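Each chain is listed here by its residues.
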Amino acid sequence: MGKQISRFTVNGDPYEIILEPQMALIEVLRDQVGLTGTKCGCGTGSCGACTVLVDGKPILSCLTLAVTVKERNILTIEGLAEGSALHPIQRAFINNGAIQCGFCTPGMILTTKALLEKTPNPTREEVLMALSGNLCRCGGYVKIVDAVLAAAEIIREGGQT
Amino acid sequence: MSQEFSFVGKRIPPPDRAEKATGSAVYGADIKLPGMLVGKVLRSPHPHAKIMRIDTSKAENLPGVKAIITKDDVPKKAFNVTILPHYMLPPELRGDPLDQYVLNDKVRFIGDAVAAVAATNESIADKALELLDVEYEELPAVFDPIEAMKPDAPKIHDFSEDNVSVHLSFPFPTGDVEKGFQEADSIVDATFRAMNQDHCPLEPTVCVASFDTDGRLTVWSPCQIIHPAKKVIAYIFDIPEGKIRWLTPHIGGAFGAKQSLTAEPICIALARKAGKPVKLESTRAEELTAFESRERVIQNGKLGVKNDGTITALQTKVIADAGGYLTHSSVTTFINMRGFLHGAYRCPNTAAEADVVYTNTPIAGGMRGYGDSGGVFTMGQLIDMAAEKVGMDTVEFVLKNIKRAGDPSLVPFLTLEDSGLEDCIKLGAEKIGWKGKKAKKKEGVKRRGIGMACGAHNTTAYPVAVEHSSATIKLNPDGSANLVVGSCEMGQGILGSLVQIAAEGLGINAGDIHVIAGDTDITQFDAGSHASRSLYVMGNAVLEAAREAKGQLLERAGKTLGVPVEELDVKESRIYVKSAPEKGLPVAEVAQNAIYNFEGESLNISGRSSLEAKQLSPSFIAIFAEIEVDTETGKLKVLRIVIAADVGRAINPMTVEGQLEGAAIQGLGYALTEDFAFDKNTGVPISDSLESYKIPSTLDLPNIEVILVDRPVPSGPFGAKGAGEIGLVCVAPAIANAIYDAMGIRVKELPMMPERII
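Residues numbered from 1 in each chain as written. Chains lettered and ligands numbered in written order. Predicted model: local features only at pLDDT ≥ 70, side-chain atom pairs only at ≥ 80, totals over all residues. Heavy atoms only, no water.

A. Representation of the overall build of chain A. What chain A contains, in helices and strands, is five helices and five strands. Listing every helix and strand of chain A by position from the N terminus yields β-β-α-β-β-β-α-α-α-α. In summary, chain A has a C-alpha radius of gyration of 16 Å against a globular reference of 15 Å for 161 residues, a match within 12%. Reported as C-alpha extents along the three principal axes, the dimensions of chain A are approximately 50 × 30 × 25 Å. Taking the contacts inside chain A whose residues are at least 6 apart along the sequence as the reference set, 54% of them involve residues at least 24 apart. Looking at chain A as shown, the accessible area adds up to about 6,600 Å², and 50% of this sits on carbon and sulfur atoms. For chain A, the centre of its 14 positive side-chain charges and the centre of its 15 negative side-chain charges are spaced 4 Å apart. (Helix = DSSP H or I, 4+ residues; strand = E, 2+ residues; numbered from the N terminus. Rg over C-alpha atoms; globule rule 2.2 N^0.38 Å. Contact = heavy atoms within 4.5 Å. Areas by Shrake-Rupley, 256 points an atom, 1.4 Å probe, with all protein chains shown as cover. Lys, Arg positive; Asp, Glu negative; His and termini not counted. Charge placed at Lys NZ, Arg CZ, Asp CG, Glu CD.)

B. How the structure looks around the sheet that holds strand S6 (residues 133-138) of chain B. The antiparallel open sheet is built from three strands, whose spatial order is S4-S2-S6 (chain B). Since the sheet does not close on itself, it has two edges, and those belong to strand S4 (106-107) and S6 of chain B, each with one partner. (Pairing = 2+ DSSP bridges.)

C. Inspection of unusual backbone geometry at higher detail. Residues and elements named next belong to chain B. Residue Tyr462 is joined to Pro463 through a cis peptide bond whose omega torsion reads 0 degrees. Turning to its location among the elements, Pro463 is positioned in the loop between strand S18 (446-457) and strand S19 (468-475). For the bond running from Leu750 to Pro751, omega is -5 degrees, close enough to zero to count as cis. Tracing the backbone shows Pro751 in the loop between strand S29 (749-750) and helix H19 (754-757). A positive phi angle, near 50 degrees, is found at Tyr370, a position not held by glycine. By the secondary structure assignment, Tyr370 is in the loop between strand S17 (364-365) and helix H10 (372-389).

D. Structural view of the nonpolar core. If you look at the biggest cluster of nonpolar residues, it comprises 218 residues, and the most contacted ones within it are A:Phe93, B:Leu261, B:Ile266, B:Ile425, B:Phe624, B:Ile735 and B:Met752. Dropping the residues within four chain positions of it, B:Met752 is found in contact with B:Phe377, B:Ala671, B:Leu672, B:Ala732, B:Ile735, B:Ala736, B:Ile739, B:Val747 and B:Ile757. Membership of the second largest hydrophobic core comes to 51 residues, among which are B:Val8, B:Ala471, B:Leu475 and B:Val499. (Core = buried A, V, L, I, M, F, W, Y, C linked by side-chain atoms within 4.5 Å. Buried < 20%, exposed > 50% of the residue type's maximum accessible area, 1.4 Å probe, protein only.)

E. Expanded view of the packing of aromatic side chains. Residue and element names in this part refer to chain B. Taken as a whole and assessed by the stated rule, the structure comprises 10 aromatic pairs over all chains. Ring plane angle 80 degrees and centroid distance 6.3 Å describe the contact between Phe109 and Tyr325, whose orientation is recorded as edge-to-face. Pair noted here: Phe109 is in the loop between S4 and strand S5 (113-119) and Tyr325 is in the loop between strand S15 (311-323) and helix H9 (329-342), with a separation of 216 residues, a long-range link. Like Tyr325, Phe109 is buried. (Phe/Tyr/Trp six-rings, centres within 6.5 Å; stacked < 30°, edge-to-face > 60°.)

F. Region of interest: the packing of helix H17 (residues 653-673) of chain B against helix H18 (residues 731-743) of chain B. Residues and elements named next belong to chain B. It is at 8 Å that the axes of H17 and H18 come closest, and there the two elements cross at 55 degrees. With respect to H18, the element H17 is oriented oblique. Judged by the twist between their axes, the crossing of H17 over H18 is right-handed. On the side of H17, the interface is formed by Ala664, Gly667, Leu668, Tyr670, Ala671 and Leu672, while H18 contributes Val731, Ala732 and Ile735. Residues belonging to the contact of H17 with H18 are distributed by class as follows: eight nonpolar, one polar and no charged. (Axes fitted to C-alpha atoms, helices over the stretch in contact; angles between N-to-C directions. Parallel < 35°, antiparallel > 145°, perpendicular 65-115°, else oblique. Left-handed = near helix turned anticlockwise from the far one by under 90°. Nonpolar A, V, L, I, M, F, W, Y, C, P; charged D, E, K, R; others polar.)

G. Highlighting the pattern of salt bridges. Enumeration according to the criterion identifies 49 salt bridges over all chains in this entry. Notably, a salt bridge pairs B:Lys431 with B:Glu705, separated by 3.5 Å at the nearest N-O pair. Note that B:Lys431 is positioned in helix H12 (residues 421-432) and B:Glu705 in strand S28 (residues 703-708), a separation of 274 residues in sequence. Here B:Lys431 falls in the partly exposed class, since its relative accessible area comes to 40%. A cluster of three or more residues bridged by salt bridges with shared partners is formed by A:Lys143, B:Arg11, B:Glu657 and B:Glu661. (Salt bridge = Lys/Arg side-chain N within 4 Å of Asp/Glu carboxyl O.)

H. Spotlight on empty space enclosed by the protein. Residue and element names in this part refer to chain B. This model, assessed by the stated rule, comprises 10 cavities of 30 Å³ or more. For the lining of the largest cavity, the elements supplying multiple residues, two or more each, are helix H14 (494-506), helix H15 (534-561) and H17. Grouping the constituent residues of the lining of the largest cavity by class yields 11 nonpolar, 17 polar and three charged. Its boundaries defined by the atoms lining it, the second largest cavity holds a volume of some 170 Å³. Residue contributions to the lining of the second largest cavity peak at four residues, all from H9. Among the residues forming the lining of the second largest cavity, the class breakdown is 10 nonpolar, five polar and two charged. (1 Å grid on protein atoms, 1.4 Å probe; cavity = no way out; pocket = protein on both sides within 12 Å on 5 of 7 lines; lining within 4 Å. Points joined across faces, edges and corners; volume = space filled by probe spheres on them.)

I. Structural detail: helix H3 (residues 122-131) of chain B. Residue and element names in this part refer to chain B. For H3, the set of buried residues is Ile124, Ala125, Ala128 and Leu129. Viewed end-on, H3 has its buried residues packed into an arc of 145 degrees, placing them on one side of the element. Opposite the buried face of H3, at more than 90 degrees from it, the exposed residues are Ser123 and Glu130. Those residues of H3 that are buried lie in contact with strand S1 (37-43), helix H2 (57-60), strand S3 (65-69) and S5. In this structure Asn121 caps H3, since a side-chain oxygen of it lies 3.0 Å from the backbone nitrogen of Ser123. (Arc of directions from axis to C-beta. Polar contact = N/O pair within 3.5 Å; in protein donor to acceptor, adjacent residues only side chain to side chain.)

J. Layout of the sheet that holds strand S25 (residues 606-612) of chain B. All names here are of chain B. A sheet is described by the order of its strands in space; here four strands give the open sequence S21-S20-S19-S25, paired in mixed fashion. Two strands close off the open sheet at either side, each with one partner strand: strand S21 (513-516) and S25. Adjacent strand axes in the sheet meet at a mean angle of 15 degrees, parallel and antiparallel pairs treated alike. Looking at chain direction, strand S20 (residues 481-485) and S21 are connected through four bridges and run parallel. Paired with Asn482 across the two strands is His514, which belongs to S21. Taken strand by strand, H15 contacts S19, S20 and S25, and its axis lies near 150 degrees from that of S25.

K. Quick look at the interface of chain A and chain B. Across the boundary between the two partners, chain A contributes 43 residues, which contact 48 residues of chain B. Interface area, chain A with chain B, both sides summed: about 3,500 Å², of which 61% is carbon and sulfur. B:Glu674 is the partner of A:Arg137 in a salt bridge, and the nearest nitrogen-oxygen pair spans 2.8 Å. Our count for the chain A to chain B interface comes out at 25 residue pairs in polar contact (both at pLDDT 80 or more). Listed by contribution, the elements that provide at least two residues to the side of chain A that touches chain B are helix H1 (25-33), helix H2 (88-95), helix H3 (105-118), helix H4 (124-130) and helix H5 (142-158) of chain A. Of the residues belonging to the side of chain A that touches chain B, the class tally is 21 nonpolar, 15 polar and seven charged. (Buried area = accessible area lost by both parts, 1.4 Å probe.)

L. Seen up close, the environment of B:Met753. Residues and elements named next belong to chain B. Relative to the helices and strands, Met753 resides in the loop between S29 and H19. On a C-alpha basis, the gap between Met753 and Lys635 in space is 7.8 Å, while along the polypeptide they are 118 residues apart. The contacts of Met753, once residues within four sequence positions are left out, are Leu672 and Asp675.

Right, dumping it as structure tokens:
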């Protein structure tokens, strides 16, 4: 298979991409779709910074071949807020001091979204397990866990995911 | 403290957090410029070799390759990537060898740069690297500093016969250390080893460089100290400093990694040759092995103590392994010795020596804690050992010996302005339940233990280095303000804290202050964000600038209201008469009327300050750790860490906690899991990925509690001191002491992996 024009749906919008078989999804998102919110921390699937949601499930976009997610719904960090209205998870991260350098933040927030959709009232242990694939070097995770639990409460009370 | 503040002391999210939460924050790797090329670096597979010949012809003929550089294409200007030794130290302290070039004639560690290419896309750049034909003359290599100092060891740098880059005799010894040991009733003497730690920020090293048609260079690089960095680049490349603009995109973590030049020299050389912008991104493997990490040390410490628990003498001998080039290692070793002798404890007789040694291993230099890491690991356990020798509880022993306000400071000819360390120790001990847990009998296969360590760390690099910071603030016609500072935000929240200080000092709402940083064209000089200095020094500059602007504001308002200036104040964007607060004016009205002025008195109300630190007001910390260790496997779980810190007044307690918690988890990694390994026989890095270099994840998170001892210091802005580094280095000795408490085994090598415990 040589270069092909393929259709992707990212954050609800259609994109036509010139796709090569060996392209990782992160390359398509950052270089062709032009959404640079998804970060590359290692390129080997160890840090979780490249996490995006595909049909609601967190995947590592640096290890996922773009060709395998052509027909699916891809959500990146740029698709979370509604216009200028931040998502409760974003607000909780901001207000609880869970963001420092911000490089792990997009991956952390999307993993959190997937967790809270599946488990709206997680225990601390469930949060730690769910985030265990997202490394953070700045914050030591303490405030990230606080933010996730706070977001869970906001969402349960507001009924909004 | 009873003082009422509107913004200082509040948990306000810093201004850049929203763009980070939405993915719109631009980091170096996100930058796209028209015509931008992709740069790649060819790195040495050999630990020690001469570069005899590089044939670039095949690579040059590959379509899409726009520039190739080798050692023949780069300036013959020797430097140290550590920006500090250039200009930032006084002339009498600049004796360290400048032992690096942009590309060297020899390679001195696996990963040392050999050549670089710039091409129109990444796959062409990769192919071009493969087409470079390099002829090496392999040389014998040495990977251990003690071996490297032997007479028959291979010579790594021509100017250094015995591979000792720098020999240091600590310049501020006190008393008579030999006499001090004679006065002691017991002496504790032990040697400890600490391996490197890599900063491992989540953002790999990156740089974008572009020369415009006038020869003006713009550098986008997530550097911590952009003004001094610009000066070193100007020196290396012979470009007038005024023709260089350094911009920082958002910084994806630094911890000292970005306090040195990293990708910039090669990126700039490629951009100059290609005549096009070049982006040079590092892989994670390069970030781990090709750039600095924390220095390795073999450290002997000796402590003399009387039977009543008084310390009579302290001495340390350090062998620091710099790797292939010196970088930060001599400065960090100086700080190591300083902290060991003059950090937390009173002692009248002190001395130290060190050798900073070259080996053919990855370069080692400065990381958060900056030299204190090896020294505090050593001291923290010597204290525990000495307490046991004289039959005292460690906390009791520590309280007997710690420095207090009025004692000599980190540098002995300066005086300690204040110390809250006693409070830190007492509150921390109470929180973790020290007495009861220490007294418990330790038995069984799985045992719990408790340990503590405490220390001091500098706020600023005073009096050793340039400590100059400048700030400007201007009022806009709507009463908002623009604050311009050279400090570098790398996640620590400095810009938000400076806004809070400006808001409090000027009297307008923090939400109405827009902060601008990260541009050397616009910001006045700042020595940068390192040495835990920004909040203290730039904070004072911001406060002084804010007060100048406030003075102009009140003068104008006084004229309008017909009231003397002394009777006015301003709070939350409103100027009011102190004795009759209902009488006043909005700041916006005064600011606008000064700009759009029809009385012949136009003025853009503003303030400016350019000052330096005049004090060294160290911060203090006590760390208590509770662990559970399996005595059969050596597997260790940290259950609880209590952090009790004196950082003066916390301008923003939320970001201060974030710094302390984050540093403590890095300390946990340093203590237990971050084994920066390379093959002892071949020098091949083993830790070249996040699979093999294990930084803590959520699964490693113990229960962490932070106690902030609120002790504002007179010299700090609203009483603040530095908080960026202090949280890291005491964790390892606290855990080591807890292991000893649980098992009676003293672990003297970092990281404390299971096989080193049992």
